Amino acid sequence: MGKVSVRFFARYAELAGCTWSAVNVETPTTVAAVIARVREVFPGTKGLPPQPLAALNERQARLDAAVNDGDEVALLPPLSGG
Amino acid sequence: MMHLTRHPIDVADVLAEVKGPERGGTCVFVGTVRNDGDVTGIEYSAYEAMALTEIERILGEAQAQWPDSRVILQHRLGLIPVGDASIAIGAAAPHRDDAFAVCRFVIEAVKKRLPIWKKEHHSDGTTAWVDPAGKPVAHGP
């Protein structure tokens, strides 16, 4: 069992009710599996899109990217900088 | 220059960062908060660590593609009133074509890649997150 940090931003932080947490998952795993675990732990995140934009260790990542113990997954609403 | 700031952007500072005697063309792009309807300001938030890393990558890619240019950007965060700048990009190159090109490259990359989000503040006290197409996606008090 590993521990993965999860960060929520902007509207997704409002859905989750927090900006940061950690979830316990069997590692190695995938970004998609971490998001599935997040949906279980944070009921408000059921409102996330089916395939949200995500970052792994501060870089945009595909949902099938490998996640290891101690990694950080961030859930990113549609980007609107500028 | 700090790439992310919570203070008003000074375009003169951006220009000073890129000017040089060997660069004869300079472009500055300034994005300002627009008054859409009853918007009084936009609150910008960011995944700051990732945004800073991504800005370095974007500027590095621009430098690699236009090696004789110099380009810098500053993005403001926090609540920004209508009319104030949210972003400024300065791009200087020996000739104007490259100055325009590198400036355009950077703003388009910012739009696609920076983890930054906007929340509109309205005159009636309500707020709304904005999606990339400029459409409010959720309302709140």
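Summary of the structure given here.

On a plain count of helices and strands, chain B comes out with three helices and nine strands. Mapped from its N terminus to its C terminus, chain B presents α and β elements in the order β-α-β-β-α-β-β-β-α-β-β-β. Taking the principal axes of its C-alpha atoms as reference, chain B extends roughly 50 × 25 × 25 Å. Burial analysis of chain B (141 residues in total) assigns 34% to the buried set.

Looking now at the packing of helix α2 (residues 48–65) of chain B against helix α3 (residues 96–113) of chain B. Residues and elements named next belong to chain B. Relative to each other, α2 and α3 sit at 150°, their axes nearing to 10 Å. As summarised for this structure, α2 and α3 are arranged roughly antiparallel, according to the angle between their axes. With respect to the hand of their crossing, α2 and α3 are arranged in right-handed fashion. Contacts between α2 and α3 involve Glu54, Ile58 and Ala62 from the former and Val102, Phe105, Val106, Ala109, Val110 and Arg113 from the latter. A class-by-class count of the residues in the contact of α2 with α3 yields seven nonpolar, no polar and two charged.

Val34, Ala54 and Val73 of chain A together with Ala91 and Val106 of chain B are the most contacted members of the largest nonpolar core, which totals 54 residues. In terms of residue count, strand β6 (residues 85–93) of chain B provides more of this core than any other element does, six residues in total. Filtering out sequence-adjacent residues up to four positions away, Val73 of chain A remains in contact with Val4, Val6, Val31, Val34, Ala54, Leu56 and Val67 of chain A.

Once that is clear, we can look at the interface of chain B and chain A. At the interface, 23 residues of chain B touch 13 residues of chain A. Elements represented by at least two residues in the side of chain B that touches chain A include exactly α2, β6, α3, β7 (116–122), β8 (127–130) and β9 (136–140) of chain B. Residues that form the side of chain B that touches chain A fall into these classes: 15 nonpolar, five polar and three charged.

Residues and elements named next belong to chain A. Spatially, β2-β1-β7-β4-β5 is the arrangement adopted by the five strands of the open sheet, whose pairing is mixed. The open sheet has two free edges, formed respectively by β2 (20–25) and β5 (59–61), since each of these has just one partner strand. Adjacent strand axes in the sheet meet at a mean angle of 35°, parallel and antiparallel pairs treated alike. For strand β1 (residues 2–8) and β2, the ladder comprises six bridges, and the chain directions are antiparallel. Note on β2: the bridge partner recorded for Ser5 is Ala22. Its contacts with the sheet put helix α2 (residues 31–41) on β1, β2, β4 (53–56), β5 and β7 (72–76), and the angle it makes with β2 is roughly 110°.

Residue and element names in this part refer to chain A. Among the structural elements, Thr27 can be located in the loop between β2 and β3 (29–30). When the C-alpha atoms of Thr27 and Phe42 are compared, they prove to be 20 Å apart, with 15 residues separating the residues in sequence. The residues contacting Thr27, other than those within four sequence positions of it, are Gly2, Val67, Asn68 and Asp69.

Here we take up the pairing of β8 of chain B. Working note: regular strand, side chains alternate between the two faces of the sheet. All names here are of chain B. Where β7 and β8 come together, three bridges link them in antiparallel fashion. Along β8, the bridge assignment pairs Lys119 with Trp129. Where β7 folds back on β8, the antiparallel hairpin that results is connected by four residues, among which Gly125 adopts a positive phi of roughly 95°.

Moving on: unusual backbone geometry. Residue and element names in this part refer to chain A. Following Thr27, the chain continues to Pro28 via a peptide bond in cis, the omega torsion being 0°. Among the structural elements, Pro28 can be located in the loop between β2 and β3. Here the phi dihedral of Ala10 falls at roughly 50°; this positive angle occurs in a residue that is not glycine. In this structure, Ala10 sits in helix α1 (residues 10–16). What makes Ala10 buried here is the crowd of 28 C-beta atoms within 10 Å. Residue Asn57 is not a glycine yet carries a positive backbone phi of 50°. Inspection of the secondary structure puts Asn57 in the loop between β4 and β5.

Cut-offs used in this document
Residues numbered from 1 in each chain as written. Chains lettered and ligands numbered in written order. Predicted model: local features only at pLDDT ≥ 70, side-chain atom pairs only at ≥ 80, totals over all residues. Helix = DSSP H or I, 4+ residues; strand = E, 2+ residues; numbered from the N terminus. Buried ≥ 20, exposed ≤ 12 C-beta atoms within 10 Å, placed from the backbone. Axes fitted to C-alpha atoms, helices over the stretch in contact; angles between N-to-C directions. Parallel < 35°, antiparallel > 145°, perpendicular 65-115°, else oblique. Left-handed = near helix turned anticlockwise from the far one by under 90°. Contact = placed C-beta atoms within 7 Å. Nonpolar A, V, L, I, M, F, W, Y, C, P; charged D, E, K, R; others polar. Core = buried A, V, L, I, M, F, W, Y, C linked by C-beta atoms within 7 Å. Pairing = 2+ DSSP bridges.

These figures come from the coordinates and say nothing about function on their own.
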